[in-house]
Amino acid sequence: MSVIRRAGEHGLLVETGSLAASHRLDALLRASRPEGVVEIVPGPETVLVVAPGADLPRLRSGLAGLRDLALSSSGAASLSEEVVTVPVVYDGEDLASVAEETGMPVEEVIGRHTGRELVAGWLGFAPGFAYLTGLDPALRVPRLATPRTSVPAGSVAIAGPYAAIYPTASPGGWRLLGRTSLRVWDVHAQPPSLLPPGTRVRFEAA
Amino acid sequence: MIDVLAPGPYATVQDLGRPGYAHLGVPRSGAADAAGLRLANRLVGNPEGHAGLELTFGMARFGFRSGAWLAAAGAPCPMEIWNERGVMSSAQGMGAPFWIAPGHELRIGSPERGLRTYLAVRGGIDVEPVLGSRSTDSLSGLGPAPLRAGTRLPVGEVRSLASISVDLAPPAAPPPPVLRVLAGPRDDWFSPDALAELCARPYEVSQDSNRVGVRLRGPALRRVREGELPSEGMVTGAVQVPPSGQPIVFLTDHPPTGGYPVIGVVLAADLAVAAQARPGDRIRFRVAGR
């Protein structure tokens, strides 16, 4: 199977094998914007490129070249220069249960959550919902067995290997550590998301 | 201004959606049967991407405070104009522009076939755009709320529009209930005969289908690969197969990323067939010849 897969008449799914390579390919594509490309959607091991009306064989060969470049370069050029600092009030409903399950005091949960720089991997679930990667492995906890029917916007949460900030109020099963006043999603801003793929993020106790 | 007197089972404002934001988690949205909206717009002299109304199972009533040129396309419904004294003044047909006088009411019945009817008004529905589109996104909630009795819809400017130049779009024969698919991107997650299996027997459209996807019931597709697929970008028309093996054809409000393998993608020309399939309809897949 080719490393560039067909995704319908107008789409090509490029296998990158890693999130870092996805981010590098995403950055290369956004800088060069091949003709006809409407969507560039990075994922943990792929980048989807949608280009209605484009010459797909030509796009495919262009993508193959960019993919080689993305896989070979080892620099961190794919990530944002700026680090988005997220002030958090650590008073989440699940803070105590996360501390209990991970066997550490609440202060250590907060220390580990603020102690590492994370990277927005990709977005999904809801507009502006970024899966933040690079969470301290000691903080891995499962999501709730029964999701909450409503989680307020600005809730700071973790689940499995990821952290996230709820961009809008929505149902959700992630474990709530706290809340931030930082608006990560605003449809009147351009871009509307503060956390596009490749953004570096650091949490800070407010 | 248009007064929604009754929206029918489900009605929304739709244009051609908000492309370019999938990487930020925003579905494309827009008319599920884009060809239907485009045609209705052309008939009243609008650009094809103007916002119109997408009715599901028809059965809607609208009051017009000002006169307006209208046209309907998509699932064919009976349409009548009633005057302010509660007397029917005329019947109108699909695919043809018609004038409604101030104070009159448009009554739309249920479609004889198909599911979604598009009503275009000359000037377009002029609600506030969100991220460049007036479409209601049923998955994320972006855009205007679905229509309710009492919703008031502003109509856009008509002065700069082309004149109305077509009397009638001849009705096309209903397309066969067939969805042509291109294999991939994840057909290798299924047994080698899974594509043949997909095409061998018809699938029934399930009751819980919506603008996100057409959920189908029929022969289960068997995976050969276990484990989870890392989340990846999804396209409209993707035939996604959850663990149940029962395929879902993604329509315009589909999530931009997903974690179930996609065995094939429906051709763009056949998306209208998927968008017009009613619960209980039977549709077949066929491998596209490319």
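Fair warning: this is a prediction, and the values are worked out from it, not measured in the lab. (Residues numbered from 1 in each chain as written. Chains lettered and ligands numbered in written order. Predicted model: local features only at pLDDT ≥ 70, side-chain atom pairs only at ≥ 80, totals over all residues. Heavy atoms only, no water.)

Caption draft 1: Representation of the pattern of salt bridges within the structure. With the rule as written, the count across this model stands at 27 salt bridges over all chains. The partner of R112(A) in a salt bridge is D136(A), with the nearest N and O atoms 3.0 Å apart. Separated by 24 residues along the polypeptide, R112(A) in helix α4 (residues 106-114) and D136(A) in the loop between β7 (130-133) and β8 (148-151) bring together distant segments of the chain. The exposure class of R112(A) is partly exposed, given its relative accessible area of 28%. Salt-bridge contacts for E157(B) lead to R159(B); the nearest nitrogen and oxygen are separated by 2.9 Å. Here E157(B) falls in the partly exposed class, since its relative accessible area comes to 46%. Under the relative-accessibility criterion, R159(B) is labelled exposed at 72%. (Salt bridge = Lys/Arg side-chain N within 4 Å of Asp/Glu carboxyl O. Helix = DSSP H or I, 4+ residues; strand = E, 2+ residues; numbered from the N terminus. Buried < 20%, exposed > 50% of the residue type's maximum accessible area, 1.4 Å probe, protein only.)

Caption draft 2: Quick peek at the nonpolar core. Formed by 39 residues in total, the largest nonpolar core has its most connected members in L179(B), L198(B), L216(B), V249(B), I263(B), V266(B) and F285(B). With 34 residues, the next largest nonpolar core counts I110(A), V156(A), I158(A) and V201(A) among its residues. (Core = buried A, V, L, I, M, F, W, Y, C linked by side-chain atoms within 4.5 Å.)

Caption draft 3: Region of interest: unusual backbone geometry. For the peptide bond that leads from Q190(A) to P191(A), omega is 0 degrees, which places it in the cis range. The linkage connecting G184(B) with the following residue, P185(B), adopts the cis geometry, with an omega of 10 degrees. As for its placement among the helices and strands, P185(B) is situated in the loop between β12 (178-183) and α2 (194-200). The backbone of S29(B) shows a phi angle near 60 degrees, a positive value even though the residue is not glycine. With respect to the helices and strands, S29(B) occurs in the loop between β2 (10-14) and α1 (34-43).

Caption draft 4: Geometry of the environment of A27(A). Residue position: A27(A) is located in helix α1 (residues 19-32). Given a relative accessible area of 31%, A27(A) falls into the partly exposed group.

Caption draft 5: Region of interest: the packing of α1(A) against helix α2 (residues 56-72) of chain A. Residue and element names in this part refer to chain A. α2 packs onto α1 with a crossing angle of 130 degrees between their chain directions and a minimal axis gap of 8 Å. Classified by the angle between their axes, α1 and α2 sit oblique to one another. Here α1 runs over α2; the crossing is right-handed. The residues of α2 that touch α1, namely those facing A21, R24, L25, L28, L29 and S32, are L63, L66, R67, L69, A70 and L71. Class assignment of the residues belonging to the contact of α1 with α2 gives a composition of nine nonpolar, one polar and two charged. (Axes fitted to C-alpha atoms, helices over the stretch in contact; angles between N-to-C directions. Parallel < 35°, antiparallel > 145°, perpendicular 65-115°, else oblique. Left-handed = near helix turned anticlockwise from the far one by under 90°. Contact = heavy atoms within 4.5 Å. Nonpolar A, V, L, I, M, F, W, Y, C, P; charged D, E, K, R; others polar.)

Caption draft 6: Seen up close, the sheet that holds strand β10 (residues 116-121) of chain B. Residues and elements named next belong to chain B. If you walk across this open sheet you meet the five strands as β2-β3-β10-β5-β8, and the pairing is antiparallel. For this open sheet the edge positions go to β2 and β8 (98-100), each flanked by a neighbour on one side alone. The average undirected angle you get between the axes of adjacent strands in this sheet is 30 degrees. Relative to strand β3 (residues 52-56), β2 is paired through five bridges, and the arrangement is antiparallel. By the bridge assignment, Q14 is partnered in β3 with G52. Its contacts with the sheet place α1 against β2, β3, β5 (68-74) and β10, and it is angled at close to 150 degrees to β5. (Pairing = 2+ DSSP bridges.)

Caption draft 7: Broad picture of the environment of A163(A). Residues and elements named next belong to chain A. Along the polypeptide, A163 turns up in strand β10 (residues 162-165). Residues A163 and R202 lie 39 residues apart in sequence; the distance between their C-alpha atoms is 11 Å. The contacts of A163, once residues within four sequence positions are left out, are H113, L118, A130, Y131, L132, L135, A157, I158, W174 and F203.

Caption draft 8: Representation of the domain arrangement of chain A in the model. All names here are of chain A. According to the domain assignment, chain A consists of domain 1 (4-72) and domain 2 (83-205). For domain 1 versus domain 2, the distance between C-alpha centres works out to 29 Å. If you look at the interface, domain 1 gives five residues, while domain 2 gives seven residues. At the junction of domain 1 with domain 2, the criterion picks out zero salt bridges. Scanning the region where domain 1 abuts domain 2 turns up two residue pairs in polar contact (both at pLDDT 80 or more). (Domains from an automatic or database assignment. Polar contact = N/O pair within 3.5 Å; in protein donor to acceptor, adjacent residues only side chain to side chain.)

Caption draft 9: Focus on the interface of chain A and chain B. Taken together, the contacts link 35 residues of chain A with 32 residues of chain B. Carbon and sulfur atoms make up 63% of the area that chain A and chain B hide from each other, which totals about 2600 Å². With a shortest N-O distance of 3.0 Å, D188(B) and R5(A) are connected by a salt bridge. Counting every contact that joins chain A to chain B gives ten residue pairs in polar contact (both at pLDDT 80 or more). Listing elements by their share of the side of chain A that touches chain B, those giving two or more residues are β1 (4-6), β2 (11-15), β3 (39-42), β4 (46-50) and β6 (118-123) of chain A. Per-element tally for the side of chain A that touches chain B: the top contributor is β3(A), with four residues. Of the residues that constitute the side of chain A that touches chain B, the class distribution is 20 nonpolar, eight polar and seven charged. (Buried area = accessible area lost by both parts, 1.4 Å probe.)

Caption draft 10: Main features of the packing of aromatic side chains. Inspection of every chain in the model, using the stated rule, returns eleven aromatic pairs over all chains. Taking the centre distance of 5.2 Å and the plane angle of 15 degrees together, the rings of W122(A) and Y131(A) count as stacked. A residue is classified by how much of its surface remains accessible, and Y131(A), at 17% relative accessible area, is buried. With a centroid separation of 6.5 Å and an interplanar angle of 90 degrees, the aromatic rings of F125(A) and Y166(A) are classed as edge-to-face. Of this pair, F125(A) sits in the loop between β6 and β7 while Y166(A) sits in the loop between β10 and β11 (170-172); the two residues are 41 residues apart in sequence, bridging distant segments of the chain. Classification of F125(A) as partly exposed rests on a relative accessible area of 47%. On the basis of relative accessible area, Y166(A) is assigned to the buried category, the value being 1%. A cation over an aromatic ring shows up here: R107(B) above the ring of W82(B), its NZ or CZ 3.8 Å from the ring centre. (Phe/Tyr/Trp six-rings, centres within 6.5 Å; stacked < 30°, edge-to-face > 60°. Lys NZ or Arg CZ within 6 Å of the ring centre and 35° of its normal.)

Caption draft 11: Highlighting the side chain of D94(A). Residue and element names in this part refer to chain A. Summarising the element assignment, D94 is placed in the loop between β5 (83-88) and α3 (95-102). Separated by 2.7 Å, the side chain of D94 and the backbone nitrogen of L176 make a polar contact. Those residues in contact with D94 that lie beyond four places of it in its chain are L144, R148, W174, R175 and L176.

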